[in-house]
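A closer look at the structure
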Amino acid sequence: SPTTASTMRAWIAEFRTRLEAGAPLRRSELDRFVEDTFEAALLMERAAGRAAEQITRFKQVAVDQHGGQRRRFTLDAMLADMAPSLHLAFRATPHRLVMDAGAEVAMDSYPGPLEQVLAILVQNALRHGLEDQSEGGEVRVATRLAADGSVVFEVEDNGAGIPEAIRPRVFDPFFTTRLGRGGSGLGLHIAHNLTTGLLGGTLELAPADATRPGTRFVLHVP
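Residues numbered from 1 in each chain as written. Predicted model: local features only at pLDDT ≥ 70, side-chain atom pairs only at ≥ 80, totals over all residues. Heavy atoms only, no water.

Details of the packing of helix H3 (residues 75-90) against helix H4 (residues 111-129)
Stated formally: Angular values range over 0 to 180 degrees, each being the angle between N-to-C directions of two axes fitted as lines to C-alpha atoms, with helices fitted over their stretch in contact. A run of DSSP states H or I qualifies as a helix once it reaches four residues; a run of E qualifies as a strand once it reaches two. Both are numbered from the N-terminal end. Reported orientations rely on four angle classes, namely roughly parallel under 35 degrees, roughly antiparallel over 145, roughly perpendicular from 65 to 115, and oblique for the rest. Whether a crossing is left-handed or right-handed is set by the direction in which the near helix is turned from the far one by less than a right angle, anticlockwise for left-handed and clockwise for right-handed. Working rule for contacts: check all heavy atoms of both residues, and any pair within 4.5 Å makes them a contact. Any residue that is not Ala, Val, Leu, Ile, Met, Phe, Trp, Tyr, Cys, Pro, Asp, Glu, Lys or Arg is counted as polar, Gly included; the first ten are nonpolar and the last four charged.
At a closest axis distance of 11 Å, the pairing of H3 and H4 adopts a crossing angle of 30°. For the element pair H3 / H4, the angle class is roughly parallel. You can see that H3 and H4 cross each other, and the crossing is right-handed. Residues Met78, Leu79, Asp81, Met82, Leu86, Ala89 and Phe90 of H3 form the contact with H4, whose participating residues are Pro111, Leu114, Glu115, Leu118, Ala119, Val122, Gln123 and Leu126. Residue classes in the contact of H3 with H4 are distributed as twelve nonpolar, one polar and two charged.

See the structure below:
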């Protein structure tokens, strides 16, 4: 997946910089680098396999351009499938990701785009919410079944939060607080468009709460 690939690239770049600088390298550090890179490669291989299976299914679907993407699946299986690649992004940080295992809720939706939306929200929390936090950072993904039968996802971090002045603009295209530091300002915009369009749901930034630090996004999916 793109998340796994970018994480592995960052590891390799850091390792190469240390080698070029002639910095001392312990055997334990080399072993950890090899193990992490091997695990990342396995995740990418599995993702490529799933993509190949999807392409095969797409070829069997007639006319409807979205027909090959929509299918029945269970919420817990989807979360378990995407968890390894999300956790991988946290391995080189002092922060942690906590994922609700999810319930055995049967869904008839688009798992690929839904996974993309959740990945964007988690990455956004890690890169923005916890950017200036040296330790103790946490991103939590919680799920529940709403009274109307929709599934509610809450992605929350305990970081610095979003200033009130810019909260209305977080879903605007190209709006970023990381200009010049690798932020395109398209992540939340894409997540919002996928949610309200293909997924037929809603994505909202929860109101600031003085009793709980950080930021919370609430995603409703039918």
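A short note on the pairing of strand S7 (residues 215-221)
Heads up, the rule is: For every residue, the accessible area obtained with a 1.4 Å probe (protein chains only) is divided by the maximum for its type, and the residue is called buried under 20%, exposed over 50%, and partly exposed between those limits. A pair of strands counts as paired when DSSP detects no fewer than two bridges linking them.
Burial within S7 is extensive, with five of its seven residues counted as buried. Here strand S5 (residues 151-157) runs beside S7; their pairing, made up of seven bridges, is antiparallel. Bridge pairing links Phe153 to Leu219 in S7. Across four bridges, the pairing between strand S6 (residues 202-205) and S7 is antiparallel. Paired with Glu204 across the bridge in S7 is Val218.

Some words on the pairing of S5
With respect to burial, S5 is a largely interior element, seven of its seven residues being buried. Neither face of S5 is open: one carries Val151, Phe153, Val155 and Asp157, the other Val152, Glu154 and Glu156, and all of them are buried. Taken together, the seven bridges between strand S4 (residues 138-145) and S5 define a ladder with antiparallel strand orientation. Counterpart to Val139 in the pairing with S5 is Asp157.

Here's the deal with the sheet that holds S5
One open sheet holds the five strands; their spatial order is S2-S4-S5-S7-S6, and the pairing between them is mixed. Looking at strand neighbours, the two that pair on one side only are strand S2 (96-99) and S6, the edges of this open sheet. Between one strand axis and the next, the sheet turns through 15° on average, direction left out of account. Along the sheet face, H3 touches S2, S4 and S5 and points at about 175° away from the line of S2. Lying on the sheet, helix H5 (residues 187-196) is in contact with S6 and S7; it crosses S6 at an angle near 140°.

A word on the packing of aromatic side chains
To be explicit about the condition: By convention, a stacked pair of Phe, Tyr or Trp rings (six-membered ring in the case of Trp) has centres within 6.5 Å and planes under 30 degrees apart, an edge-to-face pair has planes over 60 apart, and any other such pair is tilted.
Per the stated rule, a full pass over the model turns up two aromatic pairs. Taking 4.1 Å as the distance between ring centres and 5° as the angle between the ring planes, the aromatic pair formed by Phe15 and Phe33 counts as stacked. Of this pair, Phe15 sits in helix H1 (residues 2-21) while Phe33 sits in helix H2 (residues 27-59), and the two are 18 residues apart along the sequence. A residue is classified by how much of its surface remains accessible, and Phe15, at 17% relative accessible area, is buried.

Some thoughts on the side chain of Asp157
This is how it is decided: His is not counted, nor are the chain ends; Lys and Arg add positive charge and Asp and Glu add negative charge. The term salt bridge refers to a pairing of a side-chain nitrogen on Lys or Arg with a carboxyl oxygen on Asp or Glu at a separation within 4 Å. Counting of polar contacts relies on pairs of N or O atoms within 3.5 Å, with two restrictions inside protein: one atom must be capable of donating a hydrogen and the other of accepting it, and residues adjacent in sequence are counted only when both atoms are side-chain atoms.
Residue position: Asp157 is located in strand S5. This buried residue, Asp157, is left without a salt bridge; Arg167 holds the nearest opposite charge, at 9.5 Å. Of note is the side chain of Asp157, whose polar atom sits 2.8 Å from the backbone nitrogen of Gly159. Excluding residues within four positions of it along the chain, Asp157 makes contact with Ala125, Gly129, Leu130, Glu138, Val139, Pro213, Gly214 and Thr215.

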